[in-house]
Amino acid sequence: MNSGDIAWMLTATALVMFMTPGLALFYGGLVRKKNVLGTIMHSFISLGVISILWVIYGYSMAFGTDVGGFVGGLNYLGLSGVGLEAGPYSETIPHILFAAFQLMFAIITPALITGAFAERMKFKAYLIFTVAWTTLVYFPVCHWVWGGGWLGEMGALDFAGGTVIHINSGVAALACALFLGKRLGYGTNAIAPHNVPMTVLGAGILWFGWFGFNAGSALAANESAAMALFVTQIAAGAGAVAWIIGEAFYQGKPTTLGAASGAVAGLVGITPAAGFVGPMGALIIGIGAGIICYFAVVAKSRLGYDDALDVVGIHGIGGLWGALATGLFATAAIGGVDGLFYGNPAQFGIQALGAVVTIVFSFVVTAAILKVIDVTVGLKVTPEEENQGLDISQHSEVGYTW
Amino acid sequence: MKKVEAIIKPFKLDDVKQALNEMGITGMTISEVKGYGRQKGHKEIYRGAEYVVDFVPKVKMEIILDDAQVDAVVELIVKAANTGRIGDGKIFVTPVEQVIRVRTGERGTDAI
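What counts as what
Residues numbered from 1 in each chain as written. Chains lettered and ligands numbered in written order. Predicted model: local features only at pLDDT ≥ 70, side-chain atom pairs only at ≥ 80, totals over all residues. Helix = DSSP H or I, 4+ residues; strand = E, 2+ residues; numbered from the N terminus. Buried ≥ 20, exposed ≤ 12 C-beta atoms within 10 Å, placed from the backbone. Contact = placed C-beta atoms within 7 Å. Rg over C-alpha atoms; globule rule 2.2 N^0.38 Å. Pairing = 2+ DSSP bridges. Axes fitted to C-alpha atoms, helices over the stretch in contact; angles between N-to-C directions. Left-handed = near helix turned anticlockwise from the far one by under 90°. Nonpolar A, V, L, I, M, F, W, Y, C, P; charged D, E, K, R; others polar. pLDDT = per-residue confidence, 0-100. Expected span 1.5 Å × (residues − 1). Core = buried A, V, L, I, M, F, W, Y, C linked by C-beta atoms within 7 Å. Parallel < 35°, antiparallel > 145°, perpendicular 65-115°, else oblique.

J.: Where do I start with the overall build of chain B in this structure?
T.: The helix and strand tally for chain B stands at two helices and six strands. Along chain B, helices and strands appear, N-terminal first, in the series β-α-β-β-β-β-α-β. Overall size of chain B, expressed as C-alpha extent along the three principal axes, is 60 × 30 × 20 Å. Within chain B, buried positions represent 16% of all 112 residues. In chain B, once contacts between residues fewer than 6 apart in sequence are set aside, the share between residues at least 24 apart is 70%.

Here it is as structure tokens:
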């Protein structure tokens, strides 16, 4: 074991943890004042709920001994056998530290989805949804790519979770938005963010934590982590600039919210590519994410579904772009595998296949989960509760007394 | 007794207050309000969605006066709050039935 690797991975774990409250603030500022606490609660409570699942069976389902390429077995139930010794996923850090690092990814993924059903989901239904979704969708897909499952075995490249986290949650978000339907007044009344500074703070925290997300996925304090950190920065910055250029041309003004959103889009885009591309590839990925995700968000109003906080446009589409771009720009000089632009077109095909299967699986299973919960507990708050706001109706709390 | 209610542009508040103080008007209540008449609002853009916001921020001043002072005060506010552009505001004069000072219980013009 290597104390440098351990030190870095401890730090990276904390950085990724910080992204979840960062996400809470990013989303919180985007909703109306009456829903700020309900929205923050969705992300924040994920820190608790998913941690409990992870210890009992989650880590085992994701990283246990492979069963049919589809899911991990129960050999790590209760984290038995996951302790201070190294391996099997890293020889230089304790197994328990690998589990801790991965837990932070499992926490933030279901939290991402919450943006789609912001301002209208029952809290009880949300808790059931997040347990069911993480168990039936996240743990298997995580296993497919990182836990010894079929997608990783096939050679799909996903350094820090473009497919496992972003395509996955983005598609689930689409299912949620379609299933839950629109918020009252959507399309006729103005529904605007109540605190853009809070959102920008959240975006800054996400950017900061993403260094742990991407560079930590090297699982070591090494050259790969160094390049991953650098390309993360480039993609984020390029994404912010590209988004506001898109805004300036298409809508007349560059906005602060656009800059924050573009940065997040760039970060999403570079996530699968972070250990496989160089700075110039990251630049193109960031610019692409900024432009593509901006127009995806603009297109949303034309398509008519209420994905309240643009999870589909930024995480779904951004993750898809990133996964495919990894298949284009990967270079063996950095990550050991070449993409299409370096003479290996097959990689692009593998990336596309992984994306498509994940999209179908996530959408179908998420829809099934939503149906079951809706029929039993009911997903949506009543119109009166929705008008009153989640803070009072679900939590008997008020965000601000002024 | 009369109430003079003046809706003015927020940045004009200090000018009006100063002019009133110089005239000897001893108190007022202000609130921050929104409104529109002929002055247009503004456009806000959030993630590709455009919102037209009709309401413009204004300040409402409420001053209670002896009948005799009303004309002079109204003329003073008009002069101090005027910019010559749309949105300068409006003044309403309404009768007041009773005024009471909480500390002493005084009533009528003594309480103004």
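After presenting the structure, the write-up continues.
J.: Got a minute to help me understand the overall build of chain A in this structure?
T.: Across its full length, chain A holds 15 helices and two strands. For chain A, the C-alpha radius of gyration of 20 Å lies close to 21 Å, the compact-globule estimate for 402 residues. Along the longest, intermediate and shortest principal axes, the C-alpha atoms of chain A span 55 × 50 × 35 Å. Contacts in chain A between residues at least 24 apart in sequence constitute 74% of all its contacts with a sequence separation of at least 6.

J.: It is not clear to me how the interface of chain A and chain B should be interpreted in this structure. Could you clarify?
T.: As a measure of interface size, the accessible area lost when the parts come together is often cited. Across the contact, 12 residues belong to chain A and seven residues belong to chain B. Only helix H9 (256–270) and helix H10 (279–303) of chain A provide two or more residues apiece to the side of chain A that touches chain B. Here the element with the most residues in the side of chain A that touches chain B is H10(A); it accounts for three residues.

J.: Sorry if this is basic, but what is going on with the environment of B:Arg38 here?
T.: With respect to the element layout, B:Arg38 can be found in the loop between strand E2 (29–35) and strand E3 (42–46). On the neighbour-count criterion, B:Arg38 (6 C-beta atoms within 10 Å) is exposed.

J.: Sorry if this is basic, but what is going on with the environment of B:Asp71 here?
T.: Here B:Asp71 shows up in helix H2 (residues 70–81). With 67 residues separating them along the chain, B:Asp71 and B:Val4 place their C-alpha atoms 10.0 Å apart.

J.: I would appreciate a short explanation of the sheet that holds E2(B) in the present structure.
T.: Strand pairing within a sheet occurs via backbone hydrogen bonds; the two strands may be parallel or antiparallel. Residue and element names in this part refer to chain B. Spatial strand order, E2-E5-E1-E6: four strands in an open sheet with antiparallel pairing. Two strands lie at the open edges of the sheet, namely E2 and strand E6 (89–95), each paired on one side alone. Strand-to-strand twist of the sheet, defined as the mean angle between neighbouring strand axes without regard to direction, takes the value 20°. Relative to strand E5 (residues 56–65), E2 is paired through seven bridges, and the arrangement is antiparallel. Bridge pairing in E5 links isoleucine 30 to methionine 61. Against the sheet, H2 engages strand E1 (2–8), E5 and E6, with an angle of about 5° to E1.

J.: How should unusual backbone geometry be read in this particular structure?
T.: Most peptide bonds take the trans form, and the phi angle of most residues other than glycine is negative. Geometrically, the link from A:Gly87 to A:Pro88 is a cis peptide bond, its omega value of -10° lying close to zero. On the secondary structure map, A:Pro88 appears in the loop between strand E2 (71–72) and helix H3 (95–113). Phi at A:Glu119 takes a positive value of approximately 75°, unusual for a residue other than glycine. The phi dihedral of B:Arg47 is positive, around 45°, even though this residue is not glycine. Mapped onto the elements, B:Arg47 comes out in the loop between E3 and strand E4 (49–53).

J.: Just to check I follow, could you spell out the pairing of E3(B) for this structure?
T.: Two faces, one strand: in a regular strand the side chains alternate between the faces of the sheet. All names here are of chain B. One ladder, built from five bridges, connects E3 with E4; its direction is antiparallel. Paired with isoleucine 45 across the bridge in E4 is glutamate 50. Joining the antiparallel neighbours E3 and E4 is a turn of two residues, in which arginine 47 adopts a positive phi near 45°.

J.: Please explain the packing of H10(A) against helix H11 (residues 311–329) of chain A as it appears in this structure.
T.: Between two packed helices, what matters for the description is the angle formed by their axes and the separation of those axes. All names here are of chain A. Contact geometry of H10 with H11 gives a least axis separation of 9 Å together with a crossing angle of 150°. Between H10 and H11 lies a crossing of right-handed hand. In contact with Gly281, Ile284, Ile285, Gly288, Ala289, Ile292, Cys293, Ala296, Val297 and Lys300 of H10, H11 contributes Gly313, Ile314, Ile317, Gly318, Trp321, Gly322, Ala325 and Phe329. Among the residues making up the contact of H10 with H11, the classes are represented as 12 nonpolar, five polar and one charged.

J.: Explanation requested: the confidence of the model for chain B in the structure shown.
T.: For any part of a model where pLDDT is low, the fine detail of the predicted coordinates should not be relied upon. All names here are of chain B. For chain B, the mean per-residue pLDDT works out to 94, and 100% of the residues sit at or above 70. For chain B, E4 is the element with the lowest average pLDDT, namely 86, and E6 is the one with the highest, namely 98. The ipTM assigned to the predicted complex is 0.80, against a pTM of 0.94.

J.: Teacher, can you tell me more about H10(A) here?
T.: Within an α-helix, residues lying three or four positions from one another point in the same direction, as the helix has 3.6 residues per turn. Look at H10(A): 35 Å from first C-alpha to last across 25 residues, which is about the 36 Å you get at 1.5 Å a residue. Just downstream of H10(A), A:Gly304 is the residue with a positive phi angle, here 85°.

J.: Just checking my understanding: could you explain the nonpolar core for this structure?
T.: Side chains of nonpolar character tend, in soluble globular proteins, to be buried together. Judged by nonpolar contacts, the single largest core of 141 residues is most densely connected at A:Cys176, A:Leu206, A:Ala235 and A:Leu267. Sort the elements by how many residues they give to this core and H3(A) lands first, with 14 residues. Excluding residues within four positions of it along the chain, A:Ala235 makes contact with A:Gly266, A:Leu267, A:Gly269, A:Ile270, A:Ala282, A:Ile285, A:Gly286 and A:Ala289. B:Leu20, B:Val59, B:Met61 and B:Leu65 belong to the second-largest nonpolar core, a separate cluster that totals 12 residues.

J.: Before we go on, may I ask you to explain the environment of A:Lys182 in this structure?
T.: Examined against the element boundaries, A:Lys182 turns out to sit in the loop between helix H6 (162–180) and helix H7 (196–215). Residues A:Lys182 and A:Ala308, spaced 126 residues apart in sequence, show a C-alpha to C-alpha distance of 8.6 Å.

J.: Help me understand the packing of H11(A) against helix H13 (residues 345–376) of chain A, please; the structure alone is not making it clear to me.
T.: Residue and element names in this part refer to chain A. At a minimum axis separation of 7 Å, H11 and H13 run at an interaxial angle of 160°. If you check the angle between H11 and H13, you find them roughly antiparallel. Here H11 runs over H13; the crossing is right-handed. Taken together, the residues of H13 that come into contact with H11 (itself represented by Leu320, Ala323, Leu324, Thr326, Gly327 and Leu328) are Gln347, Phe348, Ile350, Gln351, Ala352, Gly354 and Ala355. Across the contact of H11 with H13, the residue classes break down as eight nonpolar, five polar and no charged.

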